[in-house]
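These are the residues of each chain, in order.
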Amino acid sequence: MRKSWLWLVAPVCGAAVAIACDNQGTVQLPYEDGGPEASTGSDGSTPFEAGTFVDSAAPLEGGADAEAGAAPPSRLLLSYNGSSSSELVAFGMQSQKVDGRMTYPDYLGTAYVGPTAPWLLEQSTDIVGRLDAQQPWVVDSSWSVAMNDFAADAGYAQPYSDPDAVLVGAGTTAYVLRYNRNLIAVLDTSKTVDGGAPTSTIDLSGEVQVAGDGYVQPVAGVYVAAQQRVYVLLANINRNDVTANGYDLLCSSTTPTVVAIDTTSSTLVDLNGSAAGHGWPLVGFSPVFGPGALAYDAMTGSSGRLLVLDAGCYGVAGDGGVGALTKREVESVDLSSGQATELLDLTSQAFPTSLTYIDAHHAIVQLDTAYAWDPTTTMLGAAIPNAPDAFVYDGVGNLLGVTSSYGADGGFEGYSVVSVPVAGGTVTMLGSNPFTLTNGFLGGVALWPAP
């Protein structure tokens, strides 16, 4: 239900990949415990197991020590999920090769890049690891966010919390969103710990809606420094309320909401006054999963706005069958009033997976492929030629990511690491087949440092 994982053999979903392919009701893969599995460092000699550390002072691949205070090299953090273990690959943009890799015993995982550090999310084992800035295949501190809030008899119970974002403000406090739970884990990132516990939690159970499945499903968040707030997007869907095919969501009376955390006190802000809960209701339905669901647009001269990408839902036809798709859109949320309005109607478009905000007049919407979009308009722009299957924007006009390769017989042969300019679409090949695991699916693409 949380991930459709259509890439078990070859990718089909599109950008933002498996982490954004799913909150539309696809049946969740069964929980698997792969058990401890040793991992290797960049040269294959350094062991790593969950709950232990690789020496963060170890030399970079090639023997060069990281200079104190030096800016980290630009690297693509590529994630691949196998049947019982996953792989994180750091592909160097300068070296144009794999600078380091690690495997870890979790069949769900991805890298998440914040403003101050990259993170590894081991999603079915509830581990959040901060990666070393210079060697982002090394965990320098880790926390367990399993906590004690699992309820086997809950409306949509999952045995793992599924951490999906680590949101850091101006200080050393981090907020971990957990898709399958109603508590946000609060971490003190000034400490170096091995499997440490959260220092506190923020309870979202008051935001649960009657027609939902018992959970609020936090899917993404952004920090707005001028307001000292972290805004969190709650999907508030009912993952049991699907069409006969088992995965398309039916429309219901629930609505996605946006709540805010005051980062000076780590408490919820009451955005809506006397109304129920703390959040603002939105007008779309079923925000996509992952960082591509939410963006902040500062909008000069105002408090700014949030942009939310919604996948939509299906009505019920007169004969009881599946009705029309509605509420697939990008919506705008005014941060001064909380008013949500539809900005870009995507009802006639393919399933959306990611919104990449660039600036006030440039964004990218990932559907069946990537499309340019001016957020000041209500019309989708042209398709970007040769866009990678999964990508990030590098801040200087290019999409960096991976494209799947197929043989003459149509069989999947692996991935190519590519760079594609938004204007023009000329493909530059950077590398091929960066992963060593097989028979899995792509877990994510991130860029460290963030542009």
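Structure report, in brief. All chains use their own residue numbering, which begins from 1 and follows the written sequence. The predicted nature of this model means local features are confined to residues of pLDDT at least 70 and side-chain atom pairs, given and counted, to a pLDDT of 80 or more, with totals for whole chains, interfaces and linings taken over all residues. Heavy atoms from the whole structure form the basis of all side-chain values; hydrogens and water molecules are not counted.

Considerations on the sheet that holds strand β29 (residues 412-421)
Two strands in a sheet stick together by hydrogen bonds in their backbones, pointing the same way (parallel) or opposite ways (antiparallel).
Then comes step 1: The pairing criterion for strands is at least two bridges between them, as found by DSSP. The numbering of helices and of strands both runs from the N terminus, where a helix is a DSSP run of H or I of at least 4 residues and a strand a run of E of at least 2. Read across the open sheet, the 4 strands follow the order β27-β28-β29-β30; overall the sheet is antiparallel. Single-partner strands in this sheet number two, and they are β27 (390-393) and β30 (428-432). Mean inter-strand twist for the sheet, computed between neighbouring axes without regard to direction, equals 25°.
Then comes step 2: By the bridge criterion, 4 bridges tie β27 to strand β28 (residues 398-406) in an arrangement that is antiparallel. Looking at β28, one finds that Y393 is bridged to L399. Note on definitions: angles span 0 to 180 degrees between N-to-C directions of axes, and those axes are lines fitted to C-alpha atoms, for helices only across the stretch in contact.

Brief notes about the packing of aromatic side chains
Then comes step 1: Two rings from Phe, Tyr or Trp (for Trp, the six-membered ring) form a pair when their centres are within 6.5 Å of each other. A pair whose planes differ by under 30 degrees is stacked, one over 60 is edge-to-face, and the rest are tilted. This model, assessed by the stated rule, comprises 8 aromatic pairs.
Then comes step 2: With 5.1 Å between their ring centres and 85° between their planes, Y179 and F289 make a pair best called edge-to-face. Taken together, the residues span a long stretch of sequence, with Y179 in the loop between β9 (173-178) and β10 (183-188) and F289 in the loop between β16 (280-281) and β17 (294-297) at a distance of 110 residues. For the pair Y179 and F289, one class covers both residues: buried.
Then comes step 3: These aromatic residues form a ring-pair network of at least three members: Y80, Y406, F412, Y415 and F435. Relative accessibility decides the category of a residue: with a 1.4 Å probe and only protein chains considered, values under 20% of the type maximum give buried, values over 50% give exposed, and everything between is partly exposed.

What to know about unusual backbone geometry
Then comes step 1: Across the junction of W448 and P449, the peptide omega takes the value -10°, indicating a cis bond.
Then comes step 2: Summarising the element assignment, P449 is placed in the segment after β31 (441-448).
Then comes step 3: Not every positive phi belongs to a glycine, and S266 is a case in point at roughly 55°.
Then comes step 4: By the secondary structure assignment, S266 is in the loop between β14 (257-262) and β15 (267-269).
Then comes step 5: The class for S266 is buried, based on a relative accessible area of 19%.
Then comes step 6: Positive phi outside glycine occurs at S286, with the angle close to 60°.
Then comes step 7: Along the chain, S286 falls in the loop between β16 and β17.

Structural notes on the pairing of strand β20 (residues 322-326)
Then comes step 1: Here 3 bridges tie strand β19 (residues 313-316) to β20, and the two strands are oriented antiparallel to one another. Bridge pairing in β20 links V316 to V322.

Considering the pattern of salt bridges
Then comes step 1: Any Lys or Arg side-chain nitrogen found within 4 Å of a carboxyl oxygen on Asp or Glu counts as a salt bridge. Under the criterion given, the structure shown has 8 salt bridges.
Then comes step 2: For D149, the salt bridge goes to R178, with nearest N and O atoms at 2.9 Å. Within this pair, whereas D149 is found in the loop between β7 (139-144) and β8 (163-168), its partner R178 is found in strand β9, the two being separated by 29 residues in sequence. Comparing D149 with R178 shows no difference in burial state: the two are buried.
Then comes step 3: A salt bridge links R305 to D297, with the nearest nitrogen and oxygen atoms 3.0 Å apart.
Then comes step 4: Relative accessible area serves as the criterion here: at 2%, D297 is assigned to the buried category.

Examining the layout of surface pockets
Then comes step 1: Cavity means a closed set of points on a 1 Å grid over the protein atoms alone, one where a 1.4 Å probe fits but cannot get out, pocket means an open set with protein on both sides within 12 Å along at least 5 of 7 lines, and lining means a residue has an atom within 4 Å of a point. Grid points are joined across faces, edges and corners, and a volume is the space filled by probe spheres set on the points. Space inside the largest pocket adds up to approximately 1,300 Å³.
Then comes step 2: Lining the largest pocket are 43 residues, and of these Y112, V113, P291, A450 and P451 sit closest to its centre.

Things to note about the environment of T376
Then comes step 1: For T376, the location among the structural elements is in the loop between β25 (370-373) and β26 (380-383).
Then comes step 2: Contacts of T376, omitting those with residues within four sequence positions, involve R305, A360 and H361.
Then comes step 3: Polar contact is the term for a pair of N or O atoms within 3.5 Å; when the atoms are in protein, one must be able to donate a hydrogen and the other to accept it, and sequence-neighboring residues count only if both atoms are side-chain atoms. Separated by 2.7 Å, the side chains of T376 and D374 make a polar contact. Contacts between residues were defined by any pair of non-hydrogen atoms, one from each residue, lying within 4.5 Å.

A closer look at the sheet that holds β25
Then comes step 1: If you trace the 4 strands from one edge of the open sheet to the other, you get β23-β24-β25-β26, paired in antiparallel fashion. Two strands in the sheet have a free side with no partner beyond their single neighbour: β23 (354-359) and β26. Each adjacent strand pair in this sheet contributes to an overall mean axis angle of 30°, direction not counted.
Then comes step 2: The sheet contact formed by β25 and β26 spans 2 bridges and is antiparallel. Pairing of W373 across the sheet is with L380, part of β26.

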